[in-house]
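So you can see what is in the structure, the chains are spelled out below.
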Amino acid sequence: MRTDFAVVLTAALLFDTFWRNNGEHASQGPCRPGFLQSFYSVQIPRDVLQGQGILKGTTVSPQKVKFDDCMGKEAVVFHSTDPVFSVRTDGSIFAKGERASLDETVQFKVTARGPHTNVWETVVQLTLIDLSSSEQNENEVTEEEGNISEQNKKKDVLQAPTPVIMFPGSRINSTRGLRRQKRDWVIPPINVAENSRGPFPQMLVSIRSDQDQDISIRYSITGVGADQPPNEVFSIDPVLGKMFVTKPLDREHRSSYHLRAHAVDMNGNQVENPIDLYIFVIDMNDNRPEFKNQVYNGSVDEGSKPGTYVMHLSALDADDNTTANGMVRYRILSQTPHSPIPNMFTINSETGDIMTVAPGLDREKVSQYTIIVQATDMEGNLNFGLSNTATAIITVTDINDNPPMLTSRTFSGEVPENTVDVAVANLTVIDADQPHSPNWNAVYRIISGDPTGHFTIRTDPISNDGMVTVVKPVDFEMNRAFMLTVVVSNQAHLASGIQSSLQSTAGVTISVKDVNEPPYFPTNPKQIRFEEGVPTGTSLTTFSASDPDRLQMQQIIRYSKLNDPANWLSINRTSGQIVTTGMLDRESIYVKNNIYEATFLATDNGFPEASGTGTLQIYLIDINDNPPALIPRESQICERMNKNVNGINITAADADTDPNAGPFVFELPNFPSSIRRNWTIARISGDYARLALRYQVYLEPGMYEVPIIVSDSGNPPLSNRSVIKVKVCPCDENGDCTTLGAVAAAGLGTGAIISILICIIILLCMVLLFVVWIKRREKERQTKQLLIDPEDDVRDNILKYDEEGGGEEDQDYDLSQLQQPDSLEHIISKPPGVRRVDERPIIPESQYPIRPVVPHPGDIGDFIHEGLRAADNDPTAPPYDSLLVFDYEGSGSTAGSVSSLNSSSTGDQDYDYLNDWGPRFKKLADMYGGGDDD
């Protein structure tokens, strides 16, 4: 009975869900495509199967899955995720596999696809039940629950009573023994609308166990939203089993919850197996469609046909897209500008694709359109749906629908002959397409009038004008004018259906201007062959030039020499005949590879004068005019033949070339006879021979000059008597000259070596005597006075600081009074103590030598040395780092005040002699030697 009661409650819960979602608005709201419910629970009686499997194609239940696409279900296709069961288009559930079985609950998802890429989904659950048990349980339903079922059938009742969920399971009766085990049944999902206003907590369902009549039971729930984050979204009364939602739910944050309900006794022992509770959050239309971008950019070619795809806009709605809350529809609100018509574009309401709807797009008239697009949910219902807008900027792209047109049918220009890379005419063009694009860039071609390719047309990248340019020189004497036919086109081909304009072709007339052309040498360079050594005045050739100005009066050409490195040639000024002025020498440094080059100038008498150059190349044929020269000119050889097996290898060099060079002939002269007696020459090859001492001939070490006659192979041959210096020396075991041998071979005997050593000793003695004489002279200089007259002394005069005279003009005073005081009583009477270093000590002092009153200026060095020596020997002198008093002038002076001294000089004193004392007195001479100007 309890099982039947649970079935009734399940049906009541399903009816409640249907009533909440569809009952109230079914008769009022517009048609909403989709499944009627998001979850279908279909129960199949076991008696229907009669213990057999379900055959393929059999309808398993009269209950149908209700679906409506508001378009008559045309082209709607259902797809099932279960391989055995599926749904037909009429909503009936059937078996698509052989001998399907329902031993366990089957749950699968059904997807409906419409013709416009719309997709709807629902969940179907198939459960096998026992029909007899269900009938018995129906009789056990309480009166109150029966009343609730009756109330659900009434259309005027808007809310069904709270459904009760019973724990399935089995228990043992202590008095009657084991009764029976109940089947598990599927708890239908609990639907809760999002954004509910409460009041909270809001009761959802009651959970009961059929053992609550016997024992006390405590209920609890676990899972996300209960004891897992987010916590305390759902709660349950542990005693009554009432389950509540404690706050508003947000489907966009979480669309479903999976909880488990538990029943335990007072000791915490499990009474029932946990049951699964699925809570689905019912979507409300609380989110506006949101565009991915506020501004979309698209483009379309001008001249596009209606129906051309332009761009795509997309808006997302966070609400459930399987319901009308999340189904977005698009429409165009405005178009700017309205040219040529206000509705140039349309948008697919479901996909958001913008397309053209009318012809007439012309970039040259309207280059850009701005479209405001609105997205509305609730399938575009403006009364119930939420909306949002975005901006679509459509750029009309250029196509080559405007051919270029020349501004004139004829153009003209002028070009001087023999000039290149100059623009002679400018072609202007007009093109309405987008500037600086392939549709606008002009390409010019010459289609006739220039068969030899003298001209080309270059396009100015800024102005798009065509510049007719000369690329090959033109000749006035050949063509006086050119008639060109020019056609202009674009880099890009014209659009389909666009024809070229007649103004794309024009004629260009180019006049050639005659100029004075320089003469030219027909053969340049001109090559001739001559033997070297031809005498001066020989005529070599006539190097003449031609004047290209054939149509003008015949001009006179004058010739001159431009470059003649060796100054061997001259040219006749009028005829161009070239004559030698010097002997041609093939061996000259100005000849390269037997060729001598000279450059000549030909100048006409036109206005202005023009000149051309020509090069003459003279190939010089070699003659035998250079004798051979011996190589090497010096060598060495051992004094005995048995140690000089190889001898000296000799060869020759000849400035001439074959056949006037090698092979060479080497011979020893007959005179003097000692040459052939001591030496011999043996031929090695055509250019080499060996010079050696004759066998058993011994020569003293030394330098020997051996003459050798060398002859070349010319016709007639030339000979040269050359001398080779041979150094004969003693050799060691390896055949190399020893050191003594090398010296002896240089021509120095024993006597010569001894003489050299004696000379070296004498030179050392002279140096020693000179050093002794210098030392002695220095010593005498220290003991004698300088004998230089003061008037002739060019050094600066040094005044003695202990003579306070008036200078050179006051030497008549007796300075001895300043040098020797009369009395020392005032110093001796001073008490002992520390004295100043510049004060005379009171102890007896050494007697310093008395100097003359007027010492010689050159004696100042001797005076300082004497004072220094006396101070070193004086024990009363202060330390070496103290101020040394060279002279003490006493405590007083018999001469009285120095200021009383009068100078004997007068104002007529002549100071011009200061100019004779050198540059050191230049400043003083300028001060006193000014003359009368002072």
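Here goes a summary of the coordinates provided. (Residues numbered from 1 in each chain as written. Predicted model: local features only at pLDDT ≥ 70, side-chain atom pairs only at ≥ 80, totals over all residues. Heavy atoms only, no water.)

### Topic: the state of the cysteines
Condition: Defined by distance alone, a disulfide is two cysteine sulfur atoms within 2.5 Å. Here a strand is any run of E in DSSP of at least two residues, a helix any run of H or I of at least four, and the numbering for each starts at the N terminus. Note on exposure labels: buried denotes an accessible area under 20% of the residue type's maximum, exposed denotes more than 50%, and partly exposed covers the range between, all computed with a 1.4 Å probe on protein chains only.
Following the criterion strictly, the structure yields one disulfide and no others. Across a sulfur-sulfur distance of 1.7 Å, Cys-638 and Cys-731 are joined as a disulfide pair. Since a negative S-S torsion denotes a left-handed disulfide, the Cys-638-Cys-731 link at about -105 degrees is left-handed. A residue pair is termed long-range when its members are at least 10 positions apart, and Cys-638 in strand S44 (residues 634-638) and Cys-731 in the loop between strand S50 (719-729) and helix H6 (739-745) qualify at 93 residues. By relative accessible area, which is 3% here, Cys-638 ends up buried.

### Details of the sheet that holds strand S34 (residues 481-490)
Put simply, the rule reads: Strands were regarded as paired on the criterion that DSSP finds at least two bridges between them. Every angle, taken between N-to-C directions, lies between 0 and 180 degrees, and every axis is a line fitted to C-alpha atoms, over only the stretch in contact when it is a helix.
In spatial order, the strands read S28-S35-S34-S31; together these four strands make up an open sheet with mixed pairing. At either end of the open sheet lies a strand with only one pairing partner, and these are strand S28 (410-416) and strand S31 (442-448). For this sheet the average axis-to-axis angle between neighbouring strands, irrespective of direction, equals 30 degrees. Here six bridges tie S31 to S34, and the two strands are oriented antiparallel to one another. Across the sheet, the residue bridging to Ser-448 is Thr-485, located in S34.

### Topic: the nonpolar core
Our working rule: Nine residue types can take part in a nonpolar core, namely buried Ala, Val, Leu, Ile, Met, Phe, Trp, Tyr and Cys, and a core is a set of them joined through side-chain atoms within 4.5 Å. It only takes one pair of heavy atoms within 4.5 Å for two residues to be counted as in contact.
Of all hydrophobic cores here, the largest spans 27 residues; its most connected members are Ile-207, Phe-234 and Leu-277. Elements supplying a minimum of two residues to this core: strand S11 (190-193), strand S12 (202-208), strand S13 (218-223), strand S14 (234-236), strand S15 (242-245), strand S16 (256-264) and strand S17 (270-282). Broken down by element, the residue count for this core peaks at five residues, all from S17. Here Ile-207 is in contact with Ile-165, Phe-167, Tyr-219, Ile-236, Leu-240, Gly-241, Ala-261, Ile-275 and Leu-277, once residues within four sequence places are set aside. Formed by 25 residues, the second largest nonpolar core is a distinct cluster that contains Val-87, Phe-108, Leu-126 and Met-327.

### A closer look at the sheet that holds strand S9 (residues 119-129)
What the four strands build is an open sheet, ordered S2-S9-S8-S5; its pairing is mixed. One side of each edge strand has no neighbouring strand; the edge strands of this open sheet are strand S2 (39-45) and strand S5 (77-80). Averaged over all neighbouring strand pairs, the angle between strand axes comes to 25 degrees, with direction disregarded. In the sheet, S5 pairs with strand S8 (residues 106-113) via four bridges, with the strands oriented antiparallel. Looking across to S8, one finds that Ser-80 is bridged to Val-110.

### Some points on the pattern of salt bridges
Put simply, the rule reads: Just to be clear on terms, a salt bridge is a Lys or Arg side-chain nitrogen sitting within 4 Å of an Asp or Glu carboxyl oxygen.
With the rule as written, the count across this model stands at 14 salt bridges. In this structure, Arg-329 and Glu-350 form a salt bridge, with 4.0 Å as the shortest nitrogen-oxygen distance. One end of the pair, Arg-329, is in strand S22 (residues 329-336); the other, Glu-350, is in the loop between strand S23 (345-347) and strand S24 (353-356), and 21 residues separate them in sequence. Judged by its relative accessible area of 13%, Arg-329 falls in the buried class. Here Arg-586 ties to Glu-587 by a salt bridge, and the two come within 3.0 Å at their closest N and O atoms. Overall, Glu-587 belongs to the partly exposed group, its relative accessible area being 23%. Each of Arg-251, Glu-252 and Asp-283 takes part in salt bridges that share partners, so that together they form one network.

### Structural notes on unusual backbone geometry
For the peptide bond that leads from Asn-524 to Pro-525, omega is 5 degrees, which places it in the cis range. Here the residue pair Asp-658 and Pro-659 is connected by a cis peptide bond, since its omega of 10 degrees sits within 30 degrees of zero. The residue Met-378 is not glycine, and still its phi comes out positive at about 55 degrees. The residue Met-378 is located in the loop between strand S25 (368-376) and strand S26 (387-397) in this model. Met-378 sits in the buried class, given a relative accessible area of 10%.

### Here's the deal with the environment of Asp-736
By secondary structure assignment, the location of Asp-736 is in the loop between S50 and H6. A C-alpha to C-alpha distance of 9.5 Å links Asp-736 and Gln-636, two positions 100 residues apart in sequence. When sequence neighbours within four positions are dropped, the list of residues in contact with Asp-736 reads Pro-730 and Cys-731.

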